[in-house]
Amino acid sequence: MRKLLFLAALCAVLAVATYGFEEQNRGQQATPAPTADPYANNAAPGTTQFPLAAPAGKDSNARMVAPPGAVNQGPYDMATWKYGTAFNPPAGAKIWNPVKLKMMQGGKVTGGTLFNSTDPAVYCAMANAGYDFIWTEMQHDARDWSTVARMWRTCPNAKAVPGVRVAYTDEREEQHALDAGALVLVVPTVDTVEEATEARNWAYFPPLGKRSNGGGQAFDANMWGGVPGGYRNTINDNIVLILMIETLEGLKHADEIARIPGVTAVFAASGDLGNFSGYRQGSPDYERAINIVHDAAIKAGVRLCGPLAWRDRPDFTCFQAGSETAAIAAGVKAELGPLANTQGKPEVGSFAAKQ
């Protein structure tokens, strides 16, 4: 009998708790998040007034005549349009991307390469290992963007911020990366000023670029939605855009590419500049190619990036480090010291020493 009374009381407590939880959720859901849709937060849909809207069924002549109080008066002209202040960062807004801040301060920035892993645990281990950002490889790997987004949102406040090398200069590639939360954007094989300008355009919101304000997890509060000043208003000042010079055509236009507003750094591609030039590192022709990228960065006043092996090269302050497999091997070797690679050597079986 006592057991029955105890169970009845327990059920009553759980019922009250469940009801309270549901009521709390109802209260939280009563005020939806702000949205661009004017009807979404309207308690009586269909009654909202739009005093500046065009009259129903009539030509408002908006192309030629602006509404009273508009900044842009006269006939509509894209070339002379004065961009508004709705998305300006707050006065005195500070840089919140640690990679951008470190670059501005002249520090040496490192990016660990996540080459082919899709496991959030591996990503988060890399992101907390000591790098400044994680170079998530999307040019030479078959991962999809949903997989990358899942890894990034698992540990958004890790020591290293999310970064990515996209496959090519493209609105879809860059917006998928940025909407998922990338704060460092690396664009490969940039050959021309036009291509570099497109890479810049898709990386930045207006007025500097043409990035669409379509949302994504980058806007979520557990990622960058809660930064001082708001993500949309401050990301243009916090994004790091790195353009890779990898071909002979890229070398031809390196000076102009580096000078494009919004370019944070140019990357002298150690492997592909050899691949496209036909010379190996250390030869005069190869070194000349690297020095062309160096000179372009110096003249434009932007950062100069390369592989971590070049951390002692003059003026290089931004580096791509090894992959997750290389990091594991190096970490184990450092951890074990003289005990590394001291496995037993049986005379027979699969582990017998190879002759």
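Everything discussed here concerns the structure shown above.
First, a word on what this report is: a plain description of the structure on this page. (Residues numbered from 1 in each chain as written. Predicted model: local features only at pLDDT ≥ 70, side-chain atom pairs only at ≥ 80, totals over all residues. Heavy atoms only, no water.)

### Side note on the sheet that holds strand E8 (residues 318-323)
Here is step 1 of the chain: Overall, parallel pairing links the 8 strands, which are arranged E1-E2-E3-E4-E5-E6-E7-E8 in a closed barrel. Across the sheet, the axes of successive neighbouring strands diverge by a mean angle of 25°, strand direction being ignored.
Here is step 2 of the chain: Where strand E4 (residues 184-187) meets strand E5 (residues 240-245), 4 bridges bridge the pair, whose relative direction is parallel. Within the sheet, the bridge partner assigned to Leu185 lies in E5 and is Leu241.
Here is step 3 of the chain: Seen against the sheet, helix H4 (residues 145-154) touches strand E1 (109-114), strand E2 (133-137) and strand E3 (161-165) and runs at an angle of roughly 160° to E3. (Pairing = 2+ DSSP bridges. Helix = DSSP H or I, 4+ residues; strand = E, 2+ residues; numbered from the N terminus. Axes fitted to C-alpha atoms, helices over the stretch in contact; angles between N-to-C directions. Contact = heavy atoms within 4.5 Å.)

### Quick look at the pattern of salt bridges
Here is step 1 of the chain: All told, the structure shown has 6 salt bridges when counted by the stated rule.
Here is step 2 of the chain: Notably, a salt bridge pairs Lys299 with Asp255, separated by 2.8 Å at the nearest N-O pair. Residue Lys299 is located in helix H11 (residues 284-300), and its partner Asp255 is located in helix H9 (residues 254-258); the two are separated by 44 residues in the primary sequence.
Here is step 3 of the chain: The class for Lys299 is exposed, based on a relative accessible area of 58%.
Here is step 4 of the chain: Here Asp255 falls in the partly exposed class, since its relative accessible area comes to 25%.
Here is step 5 of the chain: For Arg313, the salt bridge identified is with Glu287, shortest N-O distance 2.8 Å. Note that Arg313 is positioned in the loop between strand E7 (303-307) and E8 and Glu287 in helix H11, a separation of 26 residues in sequence.
Here is step 6 of the chain: With a relative accessible area of 18%, Glu287 lands in the buried category. (Salt bridge = Lys/Arg side-chain N within 4 Å of Asp/Glu carboxyl O. Buried < 20%, exposed > 50% of the residue type's maximum accessible area, 1.4 Å probe, protein only.)

That is the geometry; function is a separate question.
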